[in-house]
Amino acid sequence: MTTAYVLQAEDVAIHYGGVKALDGVELTLKKGQIRGLIGPNGAGKSTVIDAITGRRRLTRGRVLLDGEDVSALGAVERRQRGLSRSFQRTSIFSGMTVRRQVELASHQMGMADSGADADAVLEELDLARLSCMVAEDLGYGEQRRLDLALALVGRPKLLMLDEPMAGLSVKESHDLARHLQALTSRWEVSVLLVEHDMDVVFGISDAITVFELGRVIASGDPASVRSDARVREAYLGSAA
Ligand SMILES: Nc1ncnc2c1ncn2[C@@H]1O[C@H](COP(=O)(O)OP(=O)(O)OP(=O)(O)O)[C@@H](O)[C@H]1O
Ligand SMILES: [Mg+2]
């Protein structure tokens, strides 16, 4: 099936007993676009990433990747099909060099030429010059870029990032934002970006979805979301 959407989440619900962490969530992402996900603490942003990656079982609904229903697949199979995420505290092996780690991750993904794949990723993220460094000697901002590199091996179609700017300086955040934008155009990666830094989210997103208490309360282009009365009341009023 051909579709303009790399991701379609339909009527997604995750309930923990009586707690509706997500309820009736609709979310789409077009190829090569960045969608920002914002909302107050506990709104369900991380849970929606877990639902899409297959880390959490859906109570209801389904997830489509490139038009194909992947709801029944496990997290590893979804990653193989191009659905990737980065974690807050990583899969980084601190004693290994940058190049070795990325190559190993690529090898684990089953890439035929994991060396070439690793080099392309390192080049794209300006990490090539740090190839021979041991991860634990990297600065925090560089470690976060290594996280991103590990999520990019195997050329995923969809990259989901949970607060990638947390703990970064303003300059590091802007560098990372610039890399994300370059990735969407050069590698045609689509990005789902959960982030509390409103300057970054409104600056680089093609579309924004706002969560509150497990539900989508607004969705659209940045300008319309920014001026939405309910969003301002629920969230932006205090955050922006
Ligand atoms: N394993 C669990 N059991 C019960 N409730 C859970 C579980 N995991 C998450 N929740 C609840 O689901 C809701 C959504 O949490 P989630 O972590 O997705 O929010 P969030 O939007 O990512 O918040 P933050 O901005 O603080 O990261 C919260 O009410 C949380 O308490
Ligand atoms: Mg979260």
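Conventions used here
Residues numbered from 1 in each chain as written. Chains lettered and ligands numbered in written order. Predicted model: local features only at pLDDT ≥ 70, side-chain atom pairs only at ≥ 80, totals over all residues. Heavy atoms only, no water. Core = buried A, V, L, I, M, F, W, Y, C linked by side-chain atoms within 4.5 Å. Buried < 20%, exposed > 50% of the residue type's maximum accessible area, 1.4 Å probe, protein only. Helix = DSSP H or I, 4+ residues; strand = E, 2+ residues; numbered from the N terminus. Domains from an automatic or database assignment. Contact = heavy atoms within 4.5 Å. Pairing = 2+ DSSP bridges. Near = heavy atom within 4 Å. Polar contact = N/O pair within 3.5 Å; in protein donor to acceptor, adjacent residues only side chain to side chain. Areas by Shrake-Rupley, 256 points an atom, 1.4 Å probe, with all protein chains shown as cover. Nonpolar A, V, L, I, M, F, W, Y, C, P; charged D, E, K, R; others polar. Salt bridge = Lys/Arg side-chain N within 4 Å of Asp/Glu carboxyl O. Axes fitted to C-alpha atoms, helices over the stretch in contact; angles between N-to-C directions. Parallel < 35°, antiparallel > 145°, perpendicular 65-115°, else oblique. Left-handed = near helix turned anticlockwise from the far one by under 90°. Buried area = accessible area lost by both parts, 1.4 Å probe.

Section: the nonpolar core
Generally speaking, soluble globular proteins have nonpolar side chains that are buried together. In this structure, Val102, Leu152, Leu159 and Leu180 are the most contacted members of the largest nonpolar core, which totals 34 residues. Secondary-structure elements contributing two or more residues to this core are α3 (98–108), α4 (114–124), α5 (140–152), β7 (158–162), α6 (170–186), β8 (190–194) and α7 (198–204). Each of domain 1 (5–82 + 156–239) and domain 2 (90–155) contributes no fewer than three residues to this core. Ignoring sequence-local partners within four residues, the contact set of Leu180 consists of Ile34, Leu148, Leu159, Leu161, Met165, Leu193 and Ile204.

Some remarks on the pairing of strand β3 (residues 34–38)
Here is the key point about a regular strand: its side chains alternate between the two faces of the sheet. When you tally the buried positions in β3, you get 5 out of 5 residues, the bulk of the element. Because side chains alternate across β3, one face comprises the buried residues Ile34, Gly36 and Ile38, and the other comprises Arg35 and Leu37, equally buried. Summarising the sheet, β3 and β8 pair through 4 bridges and their orientation is parallel. What sits directly across from Gly36, in β8, is Leu193. Of the strand pairs in this sheet, β3 and strand β9 (residues 207–212) are connected by 4 bridges, and their pairing is parallel. Paired with Leu37 across the two strands is Thr209, which belongs to β9.

Examining the site of ligand 1
Surrounding ligand 1, one finds Tyr16, Ala21, Pro40, Asn41, Gly42, Ala43, Gly44, Lys45, Ser46, Thr47, Glu163 and His196. Note that an oxygen atom of ligand 1 is positioned 3.2 Å from one of the backbone N or O atoms of Ala43. A distance of 2.5 Å is found between an oxygen atom of ligand 1 and a side-chain nitrogen or oxygen belonging to Thr47. Considering ligand 1 on its own, with 650 Å² of exposed area, one finds that the protein chains cover 61% of that surface. Considering every element that reaches the shell around ligand 1, the biggest residue donor is helix α1 (residues 45–53), with 3 residues. By residue class, the composition of the shell around ligand 1 is 4 nonpolar, 6 polar and 2 charged.

Notes on the pattern of salt bridges
With the rule as written, the count across this model stands at 18 salt bridges. The residue Arg85 makes a salt bridge to Asp50 at a minimum N-O spacing of 2.8 Å. Of this pair, Arg85 sits in strand β6 (residues 83–86) while Asp50 is found in helix α1, placing the two residues 35 residues apart along the sequence. Pair check on accessibility: Arg85 and Asp50 agree, each one buried. Between Asp175 and Lys171 there is a salt bridge; the shortest N-O distance is 2.8 Å. Residue Asp175 and its partner Lys171 are located together in helix α6, separated by 4 residues, close to a single helical turn. Among the charged side chains, a network of salt bridges with common partners joins Asp11, Asp23, Arg60 and Arg215.

Observations concerning the packing of α3 against α4
Between α3 and α4, the least distance of the axes is 8 Å, while the angle of their chain directions is 125°. In this view, α3 runs oblique relative to α4, as classed from their interaxial angle. Considering the relative orientation of α3 and α4, their crossing is right-handed. On the side of α3, the interface is formed by Val98, Arg99, Val102, Glu103, Ser106 and His107, while α4 contributes Ser114, Gly115, Asp117, Ala118, Asp119, Val121 and Leu122. When its residues are assigned to classes, the contact of α3 with α4 shows 5 nonpolar, 4 polar and 4 charged.

Quick look at the domain arrangement of the protein chain
Segmenting the protein chain into domains produces domain 1 (5–82 + 156–239) and domain 2 (90–155). One C-alpha centre belongs to domain 1, the other to domain 2, and the line joining them spans 24 Å. The partner domain 2 presents 18 residues to the 21 residues of domain 1 that form the contact. Between domain 1 and domain 2 lies a buried interface of about 1600 Å² when both sides are counted; carbon and sulfur atoms form 60% of it. Looking at the side of domain 1 facing domain 2, the largest losses of area belong to Arg79, His179 and Trp187, adding up to 39% of the total buried there. On the surface where domain 1 and domain 2 come into contact, there are 1 salt bridge. Two residues, Glu124 and Arg186, come together in a salt bridge whose shortest N-O distance is 3.0 Å. The interface formed by domain 1 and domain 2 contains 5 residue pairs in polar contact (both at pLDDT 80 or more). Contributing elements (two or more residues each) for the side of domain 1 that touches domain 2: α2 (75–80), β7 and α6. Element by element, the count of residues in the side of domain 1 that touches domain 2 is highest for α6, at 8 residues. A class-by-class count of the residues in the side of domain 1 that touches domain 2 yields 12 nonpolar, 3 polar and 6 charged.

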